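# Analysis of the macromolecular model
In case you want the letters, here they are:
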Amino acid sequence: MKKLSLLLLIICIGLSLQTFAAPVDSIQATDSLTATATQTTTVFNVDSATHQWLSTLNGAAREKSDSYFEGGYVLQVVNLFYGLLVALVFLKLGLGKQMKCIAGKVQNVNLQNLIYVILYFLLAWVLSFPLSVYTDYFREHQYGLSNLTFVDWLIQNLQGLGVGIILGAPMVTFLYVALRKTGQRWWLWGASGSIIFIMFISFLAPVFISPIFNKYEALEEGKLKDEILAMARANDISAENVYRFDASKQTKRVSANVSGFASTTRISLNDNLLNRCTPEEIKAVMGHEMGHYVLNHVYKGVIEFGVLIFIVFALLNWALNKLIATRGAAWGIESISDVAGLPLLAFLISFIFFFATPVTNTMIRTQEMEADQFGLNAAREPDAEAHVDMMLSEYRKVDPGKWEEIFFFDHPSGRVRIETAMKWKAEHLKDCK
Ligand SMILES: [Zn+2]
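As the structure is a computational prediction, the values presented were derived from the model and not from experiment.

### Re the overall build of the protein chain
Regarding its fold elements, the protein chain presents 16 helices and 6 strands. Burial analysis of the protein chain (433 residues in total) assigns 54% to the buried set. Across the protein chain, the fraction of contacts at a sequence separation of at least 24, relative to all contacts at a separation of at least 6, is 79%.

### Topic: the packing of aromatic side chains
Tallying each qualifying case throughout the model produces 19 aromatic pairs. Measuring from ring centre to ring centre gives 5.3 Å for Trp125 and Phe129, while their planes differ by 50 degrees; the resulting arrangement is tilted. On the criterion of helical spacing, the pair formed by Trp125 and Phe129 is a turn pair, its members being 4 residues apart in helix H5 (residues 109-142). Positioned above the aromatic ring of Tyr395, the side-chain terminus of Arg253 is 4.2 Å from the ring centre.

### Considerations on the coordination of the zinc ion
Around the zinc ion, the donor atoms from the protein are His288 (NE2), His292 (NE2) and Glu368 (OE), and they sit 1.9 to 2.0 Å away. In the primary sequence, the donor residues of the zinc ion line up as H-x3-H-x75-E. Separated by 80 residues along the polypeptide, His288 in helix H10 (residues 279-294) and Glu368 in helix H13 (residues 357-379) bring together distant segments of the chain. Among the residues examined, Glu368 registers a relative accessible area of 2% and is labelled buried.

### Brief notes about the confidence of the model for the protein chain
Averaged over the protein chain, the pLDDT score is 87; the fraction of residues at 70 or greater is 90%. Ignoring residues within four places in sequence, the model shows residues 1-41, a span with pLDDT below 50, making 151 contacts including any to other chains.

### Focus on the sheet that holds strand S2 (residues 216-218)
Within a sheet, neighbouring strands are paired by backbone hydrogen bonds and run either parallel or antiparallel to one another. The strand order across the open sheet built from 4 strands is S2-S3-S6-S5, with neighbouring strands paired in mixed fashion. With one partner strand each, in any of the chains shown, S2 and strand S5 (256-259) form the two edges of the open sheet. Each adjacent strand pair in this sheet contributes to an overall mean axis angle of 30 degrees, direction not counted. Here S5 pairs with strand S6 (residues 266-270) via 4 bridges, running antiparallel. Within S6, the residue paired with Ala256 across the bridge is Leu269. Strands in contact with H10 are S5 and S6; relative to S5, the strand with the most contacts, it is inclined by about 20 degrees.

### Regarding the nonpolar core
The biggest cluster of nonpolar side chains holds 49 residues, and the ones touching the most others in it are Tyr120, Leu316 and Leu320. Aside from chain neighbours lying at most four places away, what touches Leu316 is Trp186, Leu345, Leu348, Ile349 and Ile352.

### Regarding the pattern of salt bridges
Using the criterion set out here, one finds 13 salt bridges in the structure. One salt bridge connects Lys283 with Glu227, and the closest N-O pair in it is separated by 4.0 Å. With Lys283 in helix H10 and Glu227 in helix H8 (residues 223-234), this residue pair connects regions lying 56 residues apart in the sequence. In this structure, Asp399 engages Arg415 in a salt bridge whose closest nitrogen and oxygen atoms are separated by 2.6 Å. Of the two residues, Asp399 sits in the loop between helix H14 (382-392) and helix H15 (402-408) while Arg415 sits in helix H16 (residues 414-427), which places them 16 residues apart along the sequence. For Arg415, a relative accessible area of 28% corresponds to the partly exposed category. Members of the salt-bridge network, linked through shared partners, are Glu70, Lys397 and Glu404.

### A look at the packing of H10 against H13
Packing of H10 against H13 brings their axes to within 7 Å, and their N-to-C directions diverge by 125 degrees. Classified by the angle between their axes, H10 and H13 sit oblique to one another. Taken as a pair, H10 and H13 cross one another with a handedness that is right-handed. For the pair formed by H10 and H13, the contact residues are Lys283, Ala284, Gly287, His288, Met290, Gly291, His292 and Val294 on the first element and Gln367, Glu368, Ala371, Asp372, Phe374, Gly375, Ala378 and Ala379 on the second. For the contact of H10 with H13, a count of residues per class yields 7 nonpolar, 6 polar and 3 charged.

### Describing H14
An α-helical turn contains 3.6 residues, so any two residues separated by three or four positions project in the same direction. Of all 11 residues that make up H14, 11 are buried, and the element is covered over most of its length. For H14, the complete set of buried residues consists of Pro382, Asp383, Ala384, Glu385, Ala386, His387, Val388, Asp389, Met390, Met391 and Leu392.

### Focus on the packing of H5 against helix H6 (residues 150-181)
Running from N to C, H5 and H6 cross one another at 145 degrees; their axes reach a closest spacing of 8 Å. Here the hand of the crossing between H5 and H6 comes out right-handed. Looking at side-chain class alone, the contact of H5 with H6 contains 21 nonpolar, 7 polar and 2 charged residues.

### As for a nonpolar patch on the surface
Residues Ile303, Val307, Ile311 and Leu315 make up a contiguous nonpolar surface patch of roughly 370 Å² in combined accessible area. Inspection of the secondary structure puts Ile311 in helix H11 (residues 297-331). Here Ile311 falls in the partly exposed class, since its relative accessible area comes to 46%.

### Quick look at unusual backbone geometry
Excluding glycine, most residues fall at negative phi; most peptide bonds, likewise, are trans. At Asn296, a position not held by glycine, the phi torsion is positive, near 55 degrees. Within the secondary structure layout, Asn296 lies in the loop between H10 and H11.

### A short note on the pairing of S6
The element S6 is largely enclosed, with a buried count of 5 among its 5 residues. What you see with S6 is no split at all: Arg266, Ser268 and Asn270 on one side and Ile267 and Leu269 on the other are buried throughout. In the sheet, strand S3 (residues 242-245) pairs with S6 via 4 bridges, with the strands oriented parallel. Bridge assignment links Arg244 to a residue of S6, and that residue is Leu269. Between S5 and S6, which follow one another and run antiparallel, lie 6 residues, and Gly260 among them has a positive phi close to 95 degrees.

Rules used throughout
- Residues numbered from 1 in each chain as written.
- Predicted model: local features only at pLDDT ≥ 70, side-chain atom pairs only at ≥ 80, totals over all residues.
- Heavy atoms only, no water.
- Helix = DSSP H or I, 4+ residues; strand = E, 2+ residues; numbered from the N terminus.
- Buried < 20%, exposed > 50% of the residue type's maximum accessible area, 1.4 Å probe, protein only.
- Contact = heavy atoms within 4.5 Å.
- Phe/Tyr/Trp six-rings, centres within 6.5 Å; stacked < 30°, edge-to-face > 60°.
- Lys NZ or Arg CZ within 6 Å of the ring centre and 35° of its normal.
- Donors = N, O, S within 2.8 Å, 3.2 Å for Na, K, Ca; no water.
- pLDDT = per-residue confidence, 0-100.
- Pairing = 2+ DSSP bridges.
- Axes fitted to C-alpha atoms, helices over the stretch in contact; angles between N-to-C directions.
- Core = buried A, V, L, I, M, F, W, Y, C linked by side-chain atoms within 4.5 Å.
- Salt bridge = Lys/Arg side-chain N within 4 Å of Asp/Glu carboxyl O.
- Parallel < 35°, antiparallel > 145°, perpendicular 65-115°, else oblique.
- Left-handed = near helix turned anticlockwise from the far one by under 90°.
- Nonpolar A, V, L, I, M, F, W, Y, C, P; charged D, E, K, R; others polar.
- Patch = residues over 30% accessible without salt bridge, like charges linked within 9 Å, V, L, I, M, F, W, Y side chains within 5 Å.
- Areas by Shrake-Rupley, 256 points an atom, 1.4 Å probe, with all protein chains shown as cover.

Shown next, in the form of structure tokens:
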């Protein structure tokens, strides 16, 4: 789903999925490493153990992983410029003015705004389609990461658009009520409303949104479920909510997540994880996921992103006022509270978040590192953890530079994760099998 085609999906669903649903660990499990790579030395050496694990991804496979991930850096920039072009189609080529005419056929200003917002969502989706079809369909197939046919991909994309409109259009319409009624303080109300909206979506997502895209069912009875539940109880987690979902219909990646908010929080494993990983590896992943829950990452995420959202809205207010004062007449925007400014507002949000990427990535990556450490303590499976980290590295660059990791990584790199696991192992050799 494209950031620029769905404004609200950026600040609401996009952020909520990143922060709260924490789609943390996607793994493409294909090779068959054994956990013996680090067990042959009598004196355990963290550096050489880490190096041994890293050297299991080499040659063409390493190049493919680096190329996929580094291509993502370029795509972020392309996405930003593409978004600027989309905004200019609305503002300079007159598409926005035509939408305003259509919306103007009804009397009520809120209804006018709602119609304009829905038209904007639809047309921005259409204009962004060429880039999204390349990024999300062709490129994923090029790297062997997607299981979707084109028709299935399109259906899912349209479902996403539908959810975006149903949830996002009323939200944006309310934002314009705030813009009209609260004057220059609108951004305070807008930021507060956005945070509440994110919490609301995060609460609804596991129960009402995720099942639109995947089938969720309770994990079947058996040894694995017993072990996961035992691990959950040992960490004081309410033991009922362990689900499996059929991600294999979309992707080859293995994943698990903690999603939801308050009473809808749940832990879910995807079927790729269950089918492709050993019980030890599943436990290593579940330990990490339980870490997110026990360490209250959802609530901390609300606070961290809440602060960021206030800063973003303050900048947005400043930039909107400046631009509308100088370019408003040419772009058909009468004032800051005129819904005709929505394409500009959408672009500015993506522009600000683009430059905030190192900050948002670092906020998420820090939680991921904490969850890794928790997972090592909970599952006590450092080699299984390292193997999973190598699986993840098939599409996430395994050994980036320090600043590259700070700027572009929303999860720790394979090197950092494996070093952490091997340090843990070195200090808990008696606990390891
Ligand atoms: Zn995580």
